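Structural characterization, general
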Amino acid sequence: MADVTITVPQDIVQALRLPPDTVAAELQRELAVALYQRGILSSGKAAALAKMSRWEWEELLGSRKIPRHYADEDLDRDIAYAARS
């Protein structure tokens, strides 16, 4: 699959009230957040889409009070992995 380009009309870009040099990054970040919230992207892939480190991504989710998709099974798997190390 190839990269995807999304075209945003200029009048909408201007309506965003963002500095022009931050529009692309902000839209990419917002897309990543929305896809993560809907369960379409994992946390790691959403962080990559947002071009953020995992730490920055986790801080962003926390600042927006977005629940993590982390089930009891994930915790059990992480504990088992840590015990093996």
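Residues numbered from 1 in each chain as written. Predicted model: local features only at pLDDT ≥ 70, side-chain atom pairs only at ≥ 80, totals over all residues. Heavy atoms only, no water.

In the nomenclature of an unreviewed UniProt entry, the protein chain corresponds to UPF0175 family protein from the organism Methanoculleus formosensis. Per UniProt, the comment on the protein chain under Sequence similarities (unreviewed entry) is "Belongs to the UPF0175 family." (UniProt positions renumbered as here; feature names shortened; annotations may be inferred.)

**Quick look at unusual backbone geometry**
With a phi close to 55°, Lys51 is a non-glycine residue in the positive phi region. Tracing the chain through its elements places Lys51 in the loop between helix 3 (43-49) and helix 4 (54-63). We note that Lys65 has phi near 55°; this positive angle belongs to a residue other than glycine. Among the structural elements, Lys65 can be located in the loop between helix 4 and helix 5 (72-84). Assessed through its relative accessible area of 73%, Lys65 is described here as exposed. (Helix = DSSP H or I, 4+ residues; strand = E, 2+ residues; numbered from the N terminus. Buried < 20%, exposed > 50% of the residue type's maximum accessible area, 1.4 Å probe, protein only.)

**Details of the packing of helix 2 (residues 23-37) against helix 4**
Following both chains from N to C, one finds helix 2 and helix 4 inclined at 70°, their axes separated by 12 Å at the closest point. Our classification of the angle between helix 2 and helix 4 gives roughly perpendicular. Taken together, the residues of helix 4 that come into contact with helix 2 (itself represented by Arg29, Ala32, Val33 and Tyr36) are Trp57, Leu60 and Leu61. When the residues that make up the contact of helix 2 with helix 4 are grouped by side-chain class, the tally is 6 nonpolar, no polar and 1 charged. (Axes fitted to C-alpha atoms, helices over the stretch in contact; angles between N-to-C directions. Parallel < 35°, antiparallel > 145°, perpendicular 65-115°, else oblique. Contact = heavy atoms within 4.5 Å. Nonpolar A, V, L, I, M, F, W, Y, C, P; charged D, E, K, R; others polar.)

**Details of the packing of aromatic side chains**
Counted according to the given criterion, the structure contains 1 aromatic pair. With centroids separated by 5.9 Å and ring planes inclined at 85°, the aromatic side chains of Tyr36 and Trp57 adopt a geometry described as edge-to-face. Here Tyr36, found in helix 2, pairs with Trp57, found in helix 4; they are 21 residues apart in sequence, far enough to count as distant. Each member of the pair, Tyr36 as well as Trp57, carries the same accessibility label: buried. (Phe/Tyr/Trp six-rings, centres within 6.5 Å; stacked < 30°, edge-to-face > 60°.)

**Here we look at the layout of surface pockets**
Taken as a whole, the largest pocket encloses approximately 490 Å³ of empty space. Met1, Ala2, Asp3, Val4, Ile6, Val8, Ala24, Leu27, Gln28, Leu31 and Leu49 together form the lining of the largest pocket. The dominant element in the lining of the largest pocket, judged by the number of residues it contributes, is helix 2, at 4 residues. Broken down by class, the residue content of the lining of the largest pocket amounts to 9 nonpolar, 1 polar and 1 charged. (1 Å grid on protein atoms, 1.4 Å probe; cavity = no way out; pocket = protein on both sides within 12 Å on 5 of 7 lines; lining within 4 Å. Points joined across faces, edges and corners; volume = space filled by probe spheres on them.)

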